[in-house]
Each structure stands twice: as C-alpha cells, then as structure tokens.
Amino acid sequence: MTPGQKPRAYILLLAVVCVWGSTFVLVKTALIDISPTLFNLLRMALACTALLIAYRPKLSTITRWQWAGGAVVGACLTVGYQFQTIGLRYTTASKSGFITGSVVVLVPLLSAIPWLRTSASARPDLRSVLGAVIAFIGLALLTVPSGANGDILRSINLGDWLTLGCAVGFALHILALAKTSRRVPYHTLAILQTGFAALFLAICLPAFERPFLHITPRLVFALAITAFLATAVAFSVQSWAQSILPATNTALLLTMEPVFAWFTSFLVLGERLSGRGMAGAGLVLAGILFTELRVRPEIPPAAAA
C-alpha cells in the first residue's frame, strides 16, 4: 500500500456514501415519471452493461458455483431495492434513509441464525443487542405518529413497513456477499449480482405493477446517477476501499448515509423532521454507532439506495 492510498480510500468512500445518501431524493422525484420496478430494472440493466464494458477483459471462465452465488446475491439485492423503491412512494426520503440505515444493526442480529452466520466471530454479543434496542426505539419514534393509541402497528404507514423490509433484504445481501466474495473476484461478482437482479426484476415486472414511463430530464438524470455512480462505480470503489481500510472505519463511514439522505431531502424537497422524528433519527444513528464500535461486519452495506 502506497502512502497516499489510505487518504484516497477515505475520500472516495465518503464520496460514495454521499452519492448513496442523495439517491433517496433522486429516486423519490423520479417515481413521478416511472413505476418503481421498471426504474430498478433499468438501473440494474444499465449498471450491468457498464460493468461488463469495464471489466470484460478481466473476466475468466465463470464456474457453476460462481453463477449460483451471483444468483443468490442478486436475489437479495432485488428484494432490498424493490422494498426501498416502492416504499419511497409512501414515505419521506429522510425517513427512508434512517430506516434503511438500520441494516447495520440487523446484520449482527441475523448472524445469530446458524446458516446465515459467516464465522464464529459473527455471533451477536450484548453490545450489538443493546445497539439494536436503541435503534428500535429510534425507529418507533421515527415511524409511529405522535399520539397514536390502540393498534400501534396500523399507525405506521405502508412506506415505513416496506422500508423495514428493504433493510432486511440489504442485511441478507451483506451476509450473502460475505460468503460469496471469498470465492468470486469482485468484478465478476459485481457483474453477476447486477445481471441477476435485472433478470429477476424483468421476471417480476408483470406481477408487481402496470409499468409506466415518461422520459423527462429528471428521470434521465436519476437513472444516470443511480445506475452508473451509485451502482457500477460505487460497488467498484467500495470493493477497492475495503481492501485498504479497516472494517470498523469503513462501517462507521457508511453510517453517514442517512445523514446525507436527510440533508439532501431538506435542501431539495424541504422535508423536515419533527422534534420527535429528530429524536428518533438520533437514536437510530446512536444504535448504529454503538453496534459498529464493537461489531465488525465483514462486508458493510453495498447499496442503501
């Protein structure tokens, strides 16, 4: 490692996190012009095409196991993006960012399931459980309306529930990556997961929605940013940066994603969190940081947006 690589890795990874955080606003505004599943399909197809062009000279023969691993990772990626994008139609970009950020807490908790565990060290300890409790209280403050009585579950809107499902999908994506990336080169895995995600989205499209598309400048801009910067480039930068930076440092940088999501939604859409929402968002971040200061997931979240 050369002397300048580590600072460059910090800067580039922080830039990636900033892009991921800003895409919540981009996707929410783009959904005026396109249906969610079609947006994700175009995003993944464009990203896969770009990765094929960039990495084709480096591709060797892809084994049957690598195809299977890419399919599993791509399926988890599809679940995460579908729940997140559809959820953005019903909740705010800032809330979506904070709820999605809870994926960092879910990873060590899901590692308690034996067949999902990547190693013995991945077992959740007391610190990760306490971090999850803090984050859960924050999510409750963030999603449950003030003064809600009776059936609290019904008082949480559909978009919040869908975004919670997205966090689970991305957590499974992280665990699948942790196992698969050991046996598949990162450029091959990037191509396979985006390619399979595009395939699964194409299959699901007729069942999920009646697709619509209005080509507008904001839609073209959103697709360009999410497909090329937030997916193709971001996956490549993240893989390179993680080979240089300690896992804890990487994970702590990624906790800035919901902060960027809130900041861009405030600047662009004028979204504001209430005092209760701000307290909830603060607890979500506190729970994430509390967990990440001890637990070191092998691969941090790949696409919170």
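Below is a summary of the structure that appears in this document. Remember, it's a predicted structure, so these values are computed and weren't measured experimentally.

### Considerations on the pattern of salt bridges
Turning to step 1, where the next piece is worked out: Taken as a whole and assessed by the stated rule, the structure comprises 2 salt bridges.
Turning to step 2, where the next piece is worked out: A salt bridge links aspartate 33 to arginine 218; the shortest N-O distance between them is 2.6 Å. Residue aspartate 33 is located in the loop between helix H1 (5–30) and helix H2 (36–55), and its partner arginine 218 is located in helix H10 (residues 217–242); the two are separated by 185 residues in the primary sequence.
Turning to step 3, where the next piece is worked out: The class for aspartate 33 is buried, based on a relative accessible area of 5%.
Turning to step 4, where the next piece is worked out: By relative accessible area, which is 41% here, arginine 218 ends up partly exposed.

### Quick notes on the nonpolar core
Turning to step 1, where the next piece is worked out: Phe39, Met44, Leu77 and Val103 are the most contacted members of the largest nonpolar core, which totals 46 residues.
Turning to step 2, where the next piece is worked out: When residues of this core are assigned to their parent elements, the largest contribution, 8 residues, is made by H10.
Turning to step 3, where the next piece is worked out: Core analysis: the second largest hydrophobic core is formed by 7 residues, Leu51, Tyr55, Ala190 and Ala232 among them.

### Remarks on the packing of helix H3 (residues 64–87) against helix H8 (residues 158–180)
Turning to step 1, where the next piece is worked out: The interhelical angle for the contact between H3 and H8, taken along N-to-C directions, is 160°, at an axis separation of 7 Å. By the criterion of interaxial angle, the relationship of H3 to H8 is roughly antiparallel. As for the relative orientation of H3 and H8, their crossing is left-handed in sense.
Turning to step 2, where the next piece is worked out: For the contact of H3 with H8, a count of residues per class yields 15 nonpolar, 10 polar and 1 charged.

### A word on a nonpolar patch on the surface
Turning to step 1, where the next piece is worked out: A surface patch of nonpolar side chains, about 630 Å² in accessible area, is lined by Leu109, Leu126, Val129, Leu130, Val133, Phe136 and Ile137.
Turning to step 2, where the next piece is worked out: For the nonpolar patch, the element with the most residues is helix H6 (residues 126–143), which contributes 6 residues.
Turning to step 3, where the next piece is worked out: With respect to the secondary-structure elements, valine 129 resides in helix H6.
Turning to step 4, where the next piece is worked out: Valine 129 gets classed as partly exposed once you look at its relative accessible area, which sits at 37%.

How each quantity is defined
Residues numbered from 1 in each chain as written. Predicted model: local features only at pLDDT ≥ 70, side-chain atom pairs only at ≥ 80, totals over all residues. Heavy atoms only, no water. Salt bridge = Lys/Arg side-chain N within 4 Å of Asp/Glu carboxyl O. Helix = DSSP H or I, 4+ residues; strand = E, 2+ residues; numbered from the N terminus. Buried < 20%, exposed > 50% of the residue type's maximum accessible area, 1.4 Å probe, protein only. Core = buried A, V, L, I, M, F, W, Y, C linked by side-chain atoms within 4.5 Å. Axes fitted to C-alpha atoms, helices over the stretch in contact; angles between N-to-C directions. Parallel < 35°, antiparallel > 145°, perpendicular 65-115°, else oblique. Left-handed = near helix turned anticlockwise from the far one by under 90°. Nonpolar A, V, L, I, M, F, W, Y, C, P; charged D, E, K, R; others polar. Patch = residues over 30% accessible without salt bridge, like charges linked within 9 Å, V, L, I, M, F, W, Y side chains within 5 Å. Areas by Shrake-Rupley, 256 points an atom, 1.4 Å probe, with all protein chains shown as cover.

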